[in-house]
Amino acid sequence: MSFICPRGHHSVSDDYCSVCGVRNPGSPVMAGVRTAASGQGSAEAVCLVCGVQRDGTDRYCVNCGYDFEMGEPFVPEPEPQHNGYAPAPANPPAPAPASASAPTAISPNSTPAVTSGPAAPSLVLLAGVNTMRFDEPGSPPPPVDLSERTFILDRHSIVIGREGGSLDIPIHGDPYISRKHAEIVWMGSAWGIRDLGSTNGTRVNGVPLEGTEVKLLGPDDVIELGFFTQLTVKGLGEGQ
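Some words on the packing of aromatic side chains
No. 1: Using the criterion set out here, one finds four aromatic pairs in the structure.
No. 2: Between Phe227 and Phe228, the ring centres sit 6.0 Å apart and the planes meet at 75°, which makes this aromatic pair edge-to-face. In this pair, the class of Phe227 matches that of Phe228, namely buried.

Digging into the sheet that holds strand S11 (residues 215–216)
No. 1: Across the sheet, five strands lie side by side as S6-S5-S7-S8-S11; this open sheet has mixed pairing. Both edges of this open sheet fall to strand S6 (169–171) and S11, since each of them pairs with a single strand only.
No. 2: As paired elements, strand S8 (residues 191–195) and S11 share two bridges and run antiparallel to each other. Paired with Gly192 across the strands is Leu216, a residue of S11.

Overview of the pattern of salt bridges
No. 1: Evaluated as defined, the whole model comprises three salt bridges.
No. 2: Across the pair Arg133 and Glu136 runs a salt bridge whose closest N-O atoms are separated by 3.0 Å.
No. 3: Classification of Glu136 as partly exposed rests on a relative accessible area of 31%.
No. 4: Residue Arg155 is joined to Asp168 by a salt bridge in which the shortest nitrogen-to-oxygen separation is 2.5 Å. Taken together, the positions of Arg155 in the loop between strand S4 (149–153) and strand S5 (157–162) and Asp168 in the loop between S5 and S6 put the pair 13 residues apart, joining distant regions of the chain.
No. 5: Among the residues examined, Arg155 registers a relative accessible area of 47% and is labelled partly exposed.
No. 6: Among the residues examined, Asp168 registers a relative accessible area of 17% and is labelled buried.

Cut-off values and rules
The numbering scheme is per chain: residues are counted from 1 as the chain's sequence reads. This being a predicted model, a pLDDT of at least 70 is required before a residue's local features are given, and a value of 80 or more before pairs of side-chain atoms are given or counted; all residues contribute to the totals for chains, interfaces and linings. Calculated side-chain values reflect all of the structure's heavy atoms, with hydrogen atoms and water omitted. Pairing of aromatic side chains requires ring centres within 6.5 Å, counting the rings of Phe and Tyr and the six-membered ring of Trp. Pairs whose planes differ by under 30 degrees are stacked, by over 60 edge-to-face, and all others tilted. Burial status follows relative accessibility: with a 1.4 Å probe on protein chains alone, a residue under 20% of its type maximum counts as buried, one over 50% as exposed, and anything between as partly exposed. Only strands joined by at least two bridges in the DSSP assignment are considered to pair. Counting from the N terminus, the helices are DSSP H or I runs at least four residues long and the strands are E runs at least two residues long. By salt bridge we mean one thing: a side-chain nitrogen of Lys or Arg within 4 Å of a carboxyl oxygen of Asp or Glu.

Honestly, it's all geometry; don't read function into it.
Pasting the structure below:
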């Protein structure tokens with residue numbers, strides 16, 4: 001007998017996923033766990049995915065991210081299979097001619113009209129987490145690694161998203177981050193950021209980006225993504 005585990009893996013064993021080790025919610029072992037959990041209060045519930053006891057009244061399982069209130073396991077969004085290669089864009093739009101009255105809004109499915117001439121100056125970003133949000137209602141389990149990471153990039157397009165896939169800045173441990181969440185672009189004379197239609201949006205210094213808006217970045221600006229992820233601008237290149 002085989003089953004599909006809560007994380008989407010096809011397991012060849014009965015009680016545990018043969019890929020990731022998560023318990024089978026429909027196995028006789030977990031049936032016993034459910035019976036034990038039904039006789040306890042919500043503060044002492046047992047996770048129906050991994051069997052770990054609930055920590056106080058926390059909404060999420062500290063081991064696997066199971067949502068006790070919704071009764072749903074945390075299932076990462078599957079990554080598309082590209083055989084190691086990024087998919088080629090279909091019919092990329094031609095760059096629009098510069099115009100003094102042209103709007104700055106850009107479609108999330110198109111490429112911003114950035115310069116293709118000289119290389120962009122080095123952009124320095126410090127990636128970290130806002131630990132003040134860990135105690136807020138609905139907060140997911142904090143990431144295991146809370147250390148800050150520094151990224152130095154000089155590409156015209158810098159994509160930020162959930163770990164996995166072809167990303168310039170992968171974000172770890174924040175389930176509120178979309179697969180491709182936001183993009184930082186070199187506009188020819190300044191850096192800007194736009195949201196790529198993410199589920200939970202992107203904020204700069206606490207102000208949400210609206211629709212296809214491109215927000216110019218300045219020194220020490222704080223980019224907030226997901227639930228507790230933040231990127232701080234530490235350098236914009238020479239002369240900025």
